[in-house]
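Residues per chain are reported as follows:
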Amino acid sequence: MKKLVSYVFLFISIVVQAQKIDTTLVKLESALQKAETDSLKVEALIKLAEYQKKRDYNKVIVYCNQIHEILDLANYDTRLQRAKAYSNSGIYKRRKSDYSGALKDYYAAEKIYIKINDTVQLSTIYHNIAFVYRIKKEHQKSIRLFKKAITINLANKRYKNLANNYSMMSACYKNSKQIDSSFYVLDKAIHYFELSDYEEGKQQAIANKASLYSIQKEYDKALHIYLEYLKYTRLINKKRSIIKTLSNIANIYLRTNDYDKALIYANDSIEMAISEDTKQYLLNAYKIRSKIYKAMKKYDLAFNDIEKYNKIDKEINSIKKTRELKALEILNEYEKKQLKDSLIKARERKLLSIQIKNQKLQSKLYIIIMVIVITVLLLIIYFSYKRLKKDQVTSEITTVNENNLPSFDTQGISTKKPQELSNKELQQSVQLVINQLKNDQEIEEEKINLLRKNIKKLNNKYLKRLKAMHPELTKTDVEICSLIKVGLSRSEIAHVRNTSLEAVKSTKFRLKKKLGLTKDDSLNNYLLKL
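Residues numbered from 1 in each chain as written. Predicted model: local features only at pLDDT ≥ 70, side-chain atom pairs only at ≥ 80, totals over all residues. Heavy atoms only, no water.

## Comments concerning the packing of helix α12 (residues 219–236) against helix α13 (residues 239–255)
Right, on to step 1. At a minimum axis separation of 9 Å, α12 and α13 run at an interaxial angle of 155 degrees. Classified by the angle between their axes, α12 and α13 sit roughly antiparallel to one another. As α12 packs across α13, the resulting crossing turns out to be left-handed. Contacts between α12 and α13 pair Y219, A222, L223, Y226, L227, Y229, L230, T233 and R234 from the former with S241, I242, T245, L246, N248, I249, I252, Y253 and R255 from the latter.
Right, on to step 2. Of the residues that constitute the contact of α12 with α13, the class distribution is 12 nonpolar, 4 polar and 2 charged. (Axes fitted to C-alpha atoms, helices over the stretch in contact; angles between N-to-C directions. Helix = DSSP H or I, 4+ residues; strand = E, 2+ residues; numbered from the N terminus. Parallel < 35°, antiparallel > 145°, perpendicular 65-115°, else oblique. Left-handed = near helix turned anticlockwise from the far one by under 90°. Contact = heavy atoms within 4.5 Å. Nonpolar A, V, L, I, M, F, W, Y, C, P; charged D, E, K, R; others polar.)

Encoded structure:
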């Protein structure tokens, strides 16, 4: 039985220990160990810083310093990662009540985001700078910056960030005694936290409502919300929220005259604020406890807490630090103006460069178009000239024939009878029709018949000699030889005889055999030399 009980206790202790392990942190640290390149290492460190700033924010500055060490030696565009590191280190410094250091880091990040034109990340910087002004009680300036962040996040549908903007801005309205406006923006925050399914932010916004109920003296409602939120923050180990909530609960018990409970929560808040080294929350806790001691008539203890309060207040809210913040703000505005002017000039130079390039391209395009146009015109002139020359040759031949021949009708047929024409006239008449054939002109049948007769008459002696040498030649063979003799091609012979090319080819083949010519001998050469 004892062994069974011991096993049960052992099992319970293992389960409890397992529950204490932060699985998200383990995954993030594992990603850092596995990172092979500088860029991946920096990304892993940024995620760790983002996660730890709500839990163990003292580790945030360690991660940020590691990031800057890597980026100082990196050989890629590090601007975005450096800006994120500045943003996280700014949050750390703000929580350490180093408001000048926080603003320096925020302004450094802001300049980078302006340079790379990243308006989305700028919204986060506006939110963080607004937070500093809220702590410094410059509420109108803070509200103006929160609204700039809201405009960007609303346009980009970043509902979680939008909810954070509304939630943090509610305190500005509360401290300006605009309670209705504070309730309104908190309702907006809760709506957008639900829309983005972010339970942690939603619980914080509800807790912020409790401070408004406290102002309206609805202490029971406020206390119930604070106690529920304390349970939640302890469950997720959100240390700063635990410290702040302990102080708020102490303040509620103080107002309801339950001093013993008030002192317990105030002591817990002070103890935890000291261990976490968060001066702003420690300042608030000392102030509340001094009031508790005063209500309990423990004036020495109350005075002691007031002295501690004044010492911390002097450290974080001295005139010197206020002036430093103002100087930083003025310097940042001046540098931002210079940066924007340089970006505008760079943009103008880029536009001018683009215009010059466009002008050069246009000039090149005009030259190309002109070359094409001139080339086309030259081609048109060249082919027109060739056509004109051809027409002139045809015209000259026609003119010569018209001048030299006795007379021809409109169809090119001589008005004289064939027997009345001289050899020269016959030759000219034949040549005219041959030229028309070679120019693919339409020739009437009557004209072709006359051509066949004139060729026969012109080559009369030649044909008699051919017939004497080769008596076996037929009438068709003789005519083909006659047409070859005057220089007609195979297709022209086919045209004149009104037959096919194949028929002409076949006839010429037979002719070569009849004339005793070999395959390699030329029929045309033989007939021309005869």
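## What to know about the packing of aromatic side chains
Right, on to step 1. For the structure on display, the rule yields 7 aromatic pairs.
Right, on to step 2. Seen in terms of ring centroids, Y382 and F383 are 5.3 Å apart; in terms of plane orientation they differ by 70 degrees. Their pairing is edge-to-face.
Right, on to step 3. For Y382, a relative accessible area of 45% gives the class partly exposed.
Right, on to step 4. With relative accessibility at 52%, the residue F383 sits in the exposed group.
Right, on to step 5. Every member of this aromatic cluster is reached through a ring pair, and the members are Y159, Y166 and Y192.
Right, on to step 6. Directly above the ring of F131 sits R134, whose terminal nitrogen or CZ lies 4.5 Å from the centroid. (Phe/Tyr/Trp six-rings, centres within 6.5 Å; stacked < 30°, edge-to-face > 60°. Buried < 20%, exposed > 50% of the residue type's maximum accessible area, 1.4 Å probe, protein only. Lys NZ or Arg CZ within 6 Å of the ring centre and 35° of its normal.)

## Some words on the packing of helix α9 (residues 159–175) against helix α11 (residues 199–215)
Right, on to step 1. Here α9 crosses α11 at 10 degrees, and the two axes come no closer than 10 Å. Relative to α11, α9 is oriented roughly parallel. Across from S167, M168, S170 and K174 in α9, the residues of α11 making contact are Q204, A205, N208, S211, L212 and I215.
Right, on to step 2. Counted by class, the contact of α9 with α11 contains 4 nonpolar, 5 polar and 1 charged residues.

## Quick notes on α12
Right, on to step 1. When the terminal C-alpha atoms of α12 are compared, their 26 Å separation across 18 residues agrees well with the 26 Å that a helix rising 1.5 Å per residue should span.
Right, on to step 2. Buried within α12 are the following residues: Y219, A222, L223, I225, Y226, Y229, L230, Y232, T233 and I236.
Right, on to step 3. Turning to α12, the residues buried within the fold contact α11, α13 and α14 (259–276).
Right, on to step 4. Positioned one or two residues after α12, N237 has a phi angle of 60 degrees, which is positive. (Expected span 1.5 Å × (residues − 1).)

## A short note on the side chain of N128
Right, on to step 1. Among the structural elements, N128 can be located in helix α7 (residues 119–135).
Right, on to step 2. Residue contacts for N128: discarding those within four places in its chain leaves S87, I91, R94 and Y106.

## Regarding the pattern of salt bridges
Right, on to step 1. On inspection of all chains with the given rule, the structure shows 15 salt bridges.
Right, on to step 2. The salt bridge partner of E138 is K141, with a shortest N-O separation of 3.0 Å.
Right, on to step 3. With a relative accessible area of 32%, E138 lands in the partly exposed category.
Right, on to step 4. Between E315 and K279 there is a salt bridge whose closest N-O contact spans 3.0 Å. Residue E315 is located in helix α16 (residues 299–316), and its partner K279 is located in helix α15 (residues 279–295); the two are separated by 36 residues in the primary sequence.
Right, on to step 5. Judged by relative accessible area, E315 falls into the partly exposed class, the value being 32%.
Right, on to step 6. For K279, a relative accessible area of 27% puts it in the partly exposed group. (Salt bridge = Lys/Arg side-chain N within 4 Å of Asp/Glu carboxyl O.)

## Quick word on the nonpolar core
Right, on to step 1. Y106, I129, Y166, M169, I249, Y265 and I292 are the most contacted members of the largest nonpolar core, which has 77 residues in total.
Right, on to step 2. Among the elements that take part in this core, helix α6 (residues 99–115) stands out by supplying 9 residues, more than any other.
Right, on to step 3. When residues no more than four places from it in sequence are discounted, the contact partners of M169 are I143, F146, K147, I150 and V185.
Right, on to step 4. Among the nonpolar cores identified, the runner-up in size contains 26 residues, and V433, I448, Y462 and L483 belong to it. (Core = buried A, V, L, I, M, F, W, Y, C linked by side-chain atoms within 4.5 Å.)

## Points about unusual backbone geometry
Right, on to step 1. Phi is positive for K157, close to 55 degrees, though the residue is something other than glycine.
Right, on to step 2. Tracing the chain through its elements places K157 in the loop between α8 (139–155) and α9.
Right, on to step 3. Positive phi outside glycine occurs at K177, with the angle close to 60 degrees.
Right, on to step 4. We classify K177 as exposed; its relative accessible area is 72%.

## Here's the deal with the environment of K34
Right, on to step 1. Note that K34 resides in helix α2 (residues 23–34).
Right, on to step 2. Taking the C-alpha atoms as reference points, K34 and A44, separated by 10 residues in sequence, lie 9.5 Å from one another.

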